[in-house]
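# Understanding the architecture of this molecule
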Amino acid sequence: MPEADPRRGGGAHAVSLPRTFFVAAGRNVWGDRLFQACLYAMVALFVAIVAGIVGALVVESLPAARHFGLSFVVGQDWDPVKESFGALPFIYGTIVSSLLGMAVAVPLGIGAAIYLAEIAPFPVRSPVGFLIELLAAVPSVVYGLWGIFVLAPFLRQWVQPALGSTLGWLPLFKGPPYGVGMLAAGLILSVMTVPFIATVGREVLLAVPNSQREAALALGSTRWETTWIAVLPYGRSGLIGAVLLGLGRALGETMAVTMVIGNRPEISVSLFAPGYTMASVLANEFTEATSDLYLSALVQIGLLLLVVTVLVNAFARLLVWTVGGAVKGIRE
Amino acid sequence: MSVATRRFVLNRVMGFLCGTAAALVILPLILVFAFLLYQGGSSINLEFFTHTPRPVGESGGGMANAIVGTLILIGLACGLGLPVGILGGLYVADSQDSHLPSVVRFLADVLNGVPSIVIGIFAYTLVVLPMKRFSALAGGVALGVIMIPIVLRTTEEIIRLVPASLREAGLALGLPKWKVTVRIVLASARAGITTGVMVAIARIAGETAPLLFTAFGNRFWHHGLDQPIAALALQIFAYAISPFDDWHRQAWAGALVLISIVFLVSLAARLATRDLQRQMR
């Protein structure tokens, strides 16, 4: 049956409505359009901001890209005075410090996630989870402050001499103990990323259906066997996603790393040696960039950082989504 | 060792290891807190809240200008982040468009993963370069952009939780769509959106990297939003890497104040969420 238009008075049971009703209805359409326009304006602004971030970085980094080409990412020489810019020491520092951080953070984070989702007694879960979330809320600069005055002296006095005297024959642990350096940066990064891995990992494990656990338990598994056989494989891609989210954060982490890594643009195998990361060089030198080429080179480092972190994050989210739909609580 | 014993032992050992991992994750929190309370608590005093920094060599002085600066920057950031974040979230949750909502949601997730220092570069090219000077405004833009994805995604999730029956009731009474959205949907999602906003504020309150070359920092009271402005996080950074003991103490005190602000806001957000969950049940 076709819809009757009440304004024309058609239809078998047309209700006669007062004229003012239609006047008001007409006005309402305009209200709706105005509101829609507001929404679209904000969405457009948002999209423009995201596009603007990419656009600004690409445009500003063009001079350096034209001037150096590919040698920018393989050059080892960073000399603002001679305007010779090679970003390899920063790329190396970013990758090594992040991997070092992940090497510590992944086992601890996944272990804590398993504990919180599978093993811990129920009254413990919520408070411990809350503490771990608090850990994620501590500002980067506070970790940096702690790193400078607590962690670095501790490493210099106790950890590095001990490592040097026992494992000093490895190139990894050669050199004088400064305290600040790659090791300190890696450790501070592990402290900062572990809450993300633990929190997202817990959410992923909680999203694993209980039938998985019940099936394993019904076959006589112990709790650990249940976790190992039935829960972890189901949540594997989600857990990898959690790790990658942590990695994405480690790659872009700026303040804490800048404060403890030593800020020397050199590539050294030793973890005791000072290093430099892409984010730190931006933090330290951006306001000091005197020439256009210098600034452009720094922006290009920013662009590299953006591309890498976006790729890592996009892949991570894809993996996390595959376990039980979008997992909540993956906000930074 | 029999198979049963081995399984029993493995179960216990792995349980213990996982518990240890959780304890080790929390250990830094306790250590950071202990030092903040110990170092910061001993150097905090009334002067810290009421005075601006003294010149090098003179002891005393405080971070009053930086505390106010941080609050001003948060305000500016909310001016950009809240409208875009909340209306954007409303759009993503509500819209009947085919592709745009998921594109916006994806972009928000991507933006969330962008390092904050890169967003600082964006604000630098957008605001600092044309104005030819560092300004509070540029800092506000940088922090606002960081807020957007957090607010947008929380708003979206909360709006989705509003029962369709509420919306239908409004429409059935003849209310126009926009009025239903503003007076019914947004109103009933208010607590949840507030939570998202507070989470975002807790995040940006401690942001330092994007402010380095936007707000820049200032050792004095600022004069207008087109001037460089101090921020607590910036001041902590500057003092921490300085060679002066007195400044180090001030950095600890500043860090204690900053983390108190961040944790109070986070705690408030968490309590609000708990109320919300009770409401929804």
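Residues numbered from 1 in each chain as written. Chains lettered and ligands numbered in written order. Predicted model: local features only at pLDDT ≥ 70, side-chain atom pairs only at ≥ 80, totals over all residues.

### Observations concerning the domain arrangement of chain B
Residues and elements named next belong to chain B. We apply this condition: As used throughout, domain bounds are those supplied by an automatic or database domain assignment. We call two residues in contact whenever the C-beta atoms placed from their backbones are within 7 Å. Ten residue types, Ala, Val, Leu, Ile, Met, Phe, Trp, Tyr, Cys and Pro, are classed as nonpolar, four, Asp, Glu, Lys and Arg, as charged, and the remainder, Gly among them, as polar.
Taken domain by domain, chain B holds domain 1 (3–43) and domain 2 (49–280). Domain 1 and domain 2 are separated by 32 Å when their C-alpha centres are compared. Taken together, the contact between domain 1 and domain 2 spans 5 residues of the former and 7 residues of the latter. Here the side of domain 1 that touches domain 2 is built from residues that sort into 1 nonpolar, 4 polar and no charged.

### Section: the confidence of the model for chain A
This is how it is decided: Summary of the metric used: pLDDT quantifies the predictor's per-residue confidence within the range 0 to 100.
Of the residues in chain A, 89% reach a pLDDT of 70 or more, and the chain-wide mean stands at 88. This stretch, residues 326–332 of chain A, has a pLDDT under 50; its non-local contacts, to residues over four places away or in other chains, come to 20 contacts.

### Here's the deal with the nonpolar core
Soluble, globular proteins show a tendency: their nonpolar side chains are buried together. Definition in use: Buried Ala, Val, Leu, Ile, Met, Phe, Trp, Tyr and Cys residues whose C-beta atoms connect them within 7 Å together make up a nonpolar core. Partly exposed residues are those falling between the two cut-offs: more than 12 but fewer than 20 other C-beta atoms within 10 Å of their own, whereas 20 or more means buried and 12 or fewer means exposed, with C-beta atoms placed from the backbone. Secondary structure elements follow DSSP: runs of H or I of four or more residues count as helices, runs of E of two or more count as strands, with numbering from the N terminus.
Formed by 196 residues in total, the largest nonpolar core has its most connected members in Ala184(A), Ile188(A), Val260(A), Ile236(B) and Leu258(B). For this core, the element with the most residues is helix α6 (residues 182–206) of chain A, which contributes 16 residues. Once residues lying within four places of it in the same chain are set aside, the contact partners of Leu258(B) are Pro139(A), Val142(A), Ala205(B), Gly206(B), Leu232(B), Ala233(B) and Ile236(B).

### Re helix α6 (residues 136–161) of chain B
Residue and element names in this part refer to chain B. Short version of the rule: Between the first and last residue of a helix there are one fewer steps than residues, each counted as 1.5 Å, and that sum is the expected span. At every residue, the bend is computed as the angle between two fitted axes, covering the seven residues ending there and the seven beginning there respectively.
Taking 1.5 Å of rise per residue, the 26 residues of α6 would be expected to cover 38 Å, and the 37 Å separating its terminal C-alpha atoms lies within 8% of that figure. At Met147, α6 is bent by approximately 30°, the largest bend along its length, and proline Pro149 sits one to four residues beyond. With 23 of 26 residues buried, α6 lies mostly within the body of the structure.

### Things to note about the packing of helix α3 (residues 88–119) of chain A against helix α1 (residues 3–43) of chain B
Any two packed helices are characterised by the angle at which their axes cross and by the distance between the axes. To keep it simple, the criterion reads: Axis lines are fitted to C-alpha atoms, over the contacting stretch for helices. Their N-to-C directions set the angle, which ranges from 0 to 180 degrees. By the definition adopted for this analysis, an angle is roughly parallel if under 35 degrees, roughly antiparallel if over 145, roughly perpendicular if from 65 to 115, and oblique otherwise. Left-handed describes a crossing whose near helix is turned anticlockwise from the far helix through less than a right angle; right-handed describes the clockwise counterpart.
Taken N-terminus to C-terminus, the directions of α3(A) and α1(B) make an angle of 115°; their axes are 7 Å apart at the nearest point. Between α3(A) and α1(B), the angle falls in the class roughly perpendicular. Here the hand of the crossing between α3(A) and α1(B) comes out left-handed. Contact residues: Pro107(A), Leu108(A), Gly109(A), Gly111(A), Ala112(A), Ile114(A), Tyr115(A), Leu116(A) and Ile119(A) in α3(A); Gly15(B), Leu17(B), Cys18(B), Gly19(B), Ala21(B), Ala22(B), Leu24(B) and Val25(B) in α1(B). Residue composition of the contact of α3(A) with α1(B), by class: 13 nonpolar, 4 polar and no charged.

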